[in-house]
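An overview of the molecular structure
Spelled out, the chains give:
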Amino acid sequence: MSKQVEKKDTHANAKKDQDLENYFANTIIPQLFIDGNLILKKFTPPAMKQFSLTDADVNRDIHDVKENFRFPTLIENIEEVIQTGEILEKEVQTTDGKWYQMNILPYRVFEENRNDGVIVTFVEITKRIRAMGELEKLNSEYHTLIDALSHDIRQPLSAIVLLSDALLNAYNKQNTPQFIKYIETLKASSNAMRDLVKDFIAVNDDQPELEGEPVRVNIENIAQDVILSLKAEIFEKGINISTDFQTSEIIFSRNNLRSILYNLLRNSIKYKKEGKPLMIVVSTIKRNDHILLQVKDNGIGIAGEHQADIFKKSTRVSHKIEGTGMGLYIIKRMLKHNGGSIEVASQLGKGSTFSVYFPINKDK
């Protein structure tokens, strides 16, 4: 190679390094550049602040600064991207409790057709994680309120219908005392119904509008959304959730499915065994004319004498744990209305498995 060509290549490489330096110096999001030997070569000012990095950390092995990051599999993820050349995306939480979408992109040396490191980018999603958690909670509460209203309002409505006939009969017989008595009862029933509606509207004013129409939905996608909405609590309590989806699509209300998954996962988390890591497995499989969704945990379990009652209205297994006792009752009603069902298998102290059956190709 001539000195002129060599000088030209040196100049080109210097310009590339300068461009990369300028890019990292002026980027407003946390980013890291780690080379193929896992050496931390560059990082942006936001990354320096977020991960307590200093100029002395430049050119250090990433193993030596891994304590600055709260991502147990960061190094494994980086090595995977370098080897495969495929982009990796995942949600991670930093030491101050913030959530980020972490993207690891391969740094390509095109002249040599190889990967020589990675660019790691962090986009904050803390507000989205929290908002999704709040939305799932609101959705669950909404269904609870709807069910409570639809059932509690039946009694005063039935009384009004019966009283209408009784009033007409008393009027025809000119039975004034009986007529007055029925009028007072009618007024009481009407007031009870009015108060129910008034309370519902007061709570429901800030609730999102939900649709219950059955559509083709993907259980796996909905489950991932629900798990993401609970991610802060899952991380804080060291909960491990694994999935095994052997089939995914069903015809069902999207919001009802979200509520079912949210309630079952929340129950598993609430009834975690003290001092023992909680393991939850969410799985699906096709069984004859149904899709079976199972949520299995190793929590405190349910005593045999209580298992028949947990799907009844306002039933609570433990009053030491916060709850309304409505979640499983609502789930059972949702499923029954749509041709599905739910069962539980549990041993006290050993955990529970909830089995949800969705009909295949159900027309509604």
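I will try to describe carefully the structure that is included in this document. (Residues numbered from 1 in each chain as written. Predicted model: local features only at pLDDT ≥ 70, side-chain atom pairs only at ≥ 80, totals over all residues. Heavy atoms only, no water.)

Right, let's talk about the environment of glutamine 307 for a bit. Tracing the backbone shows glutamine 307 in the loop between β11 (290-297) and α10 (327-337). Put simply, glutamine 307 and glutamate 343 are 36 residues apart on the chain and 9.3 Å apart in space, counted from C-alpha to C-alpha. Setting aside residues up to four positions removed in sequence, glutamine 307 forms contacts with Ile302, Val344 and Ser346. (Helix = DSSP H or I, 4+ residues; strand = E, 2+ residues; numbered from the N terminus. Contact = heavy atoms within 4.5 Å.)

A separate point is the sheet that holds strand β3 (residues 60-61). Across the sheet, six strands lie side by side as β3-β2-β1-β6-β5-β4; this open sheet has antiparallel pairing. Each edge of the open sheet carries a strand with a single partner, namely β3 and β4 (88-93). Pairing analysis gives five bridges linking strand β1 (residues 31-35) to strand β6 (residues 114-124), with the strands arranged antiparallel. Following the sheet pairing, leucine 32 is matched in β6 by valine 120. (Pairing = 2+ DSSP bridges.)

One open sheet accounts for five strands, arranged β8-β10-β11-β13-β12; its pairing is mixed. Strand pairing shows two members of the sheet lacking a second neighbour, β8 (240-245) and β12 (341-347), which therefore form its edges. Going from strand to strand, the sheet's axes swing by 15 degrees on average, the running direction of each strand aside. (Axes fitted to C-alpha atoms, helices over the stretch in contact; angles between N-to-C directions.)

So, on to the nonpolar core. Leu257, Ile260, Leu264, Phe354 and Phe358 are the most contacted members of the largest nonpolar core, which totals 39 residues. Contributions of two or more residues to this core are made by α7 (219-229), β9 (249-253), α9 (254-270), β10 (279-287), β11, α10, β12 and β13 (351-359). Per element, the largest residue contribution to this core is seven residues, and it comes from α9. With sequence-adjacent residues up to four places away left out, phenylalanine 354 is seen in contact with Leu264, Leu293, Gln294, Val295, Ile302, Ile310, Phe311, Leu328, Ile342, Glu343 and Val344. By size, the runner-up hydrophobic cluster in this structure holds 25 residues, among which are Ile34, Ile62, Phe69 and Ile75. (Core = buried A, V, L, I, M, F, W, Y, C linked by side-chain atoms within 4.5 Å. Buried < 20%, exposed > 50% of the residue type's maximum accessible area, 1.4 Å probe, protein only.)

The next point concerns α7. Every buried residue of α7 is listed here: Ile219, Ile222, Ala223, Val226, Ile227, Leu228 and Ser229. The opening residue of α7, the one whose side-chain oxygen lies 2.9 Å from the backbone nitrogen of glutamate 220, is asparagine 218. (Polar contact = N/O pair within 3.5 Å; in protein donor to acceptor, adjacent residues only side chain to side chain.)

Per the counting criterion, the structure on display carries six salt bridges. Between aspartate 225 and arginine 258 there is a salt bridge, and its shortest N-O distance comes to 3.7 Å. Residue aspartate 225 is found in helix α7, and its partner arginine 258 is found in helix α9; the two are separated by 33 residues along the sequence. A single network of salt bridges, built from pairs that share partners, joins Glu233, Lys237 and Arg266. (Salt bridge = Lys/Arg side-chain N within 4 Å of Asp/Glu carboxyl O.)

Moving on to the packing of aromatic side chains. According to the stated counting rule, one finds five aromatic pairs in the structure shown. Taking the centre distance of 5.8 Å and the plane angle of 80 degrees together, the rings of tryptophan 99 and phenylalanine 235 count as edge-to-face. Separated by 136 residues along the polypeptide, tryptophan 99 in strand β5 (residues 99-109) and phenylalanine 235 in helix α8 (residues 231-236) bring together distant segments of the chain. Residue tryptophan 99 is classed as buried on the basis of its relative accessible area, which comes to 3%. A connected cluster of aromatic rings, assembled from ring pairs, spans Phe51, Tyr100 and Phe122. (Phe/Tyr/Trp six-rings, centres within 6.5 Å; stacked < 30°, edge-to-face > 60°.)

Let us now look at helix α3 (residues 74-84). Think of an α-helix as 3.6 residues a turn; residues three or four steps apart then line up on the same face. When α3 is considered as a whole, its buried residues turn out to be Leu74, Ile75, Asn77, Ile78, Val81 and Ile82. Down the axis of α3, the smallest arc covering the buried residues is 160 degrees, so these residues share one side. Against the buried residues of α3 lie β1, β4, β5 and β6. At the C-terminal side of α3, glycine 85 shows a positive phi close to 75 degrees. (Arc of directions from axis to C-beta.)

With that out of the way, let us pick up the layout of surface pockets. When its volume is computed, the second largest pocket comes out at roughly 600 Å³. Looking at the second largest pocket, it is lined by 22 residues, and the ones nearest its centre are Glu91, Ile227, Lys231, Ile234 and Ile241. For the lining of the second largest pocket, the secondary structure elements donating two or more residues are β4, α7, α8 and β8. At five residues, β8 tops the list of elements feeding residues into the lining of the second largest pocket. (1 Å grid on protein atoms, 1.4 Å probe; cavity = no way out; pocket = protein on both sides within 12 Å on 5 of 7 lines; lining within 4 Å. Points joined across faces, edges and corners; volume = space filled by probe spheres on them.)

The analysis is restricted to geometry; functional conclusions fall outside its scope.
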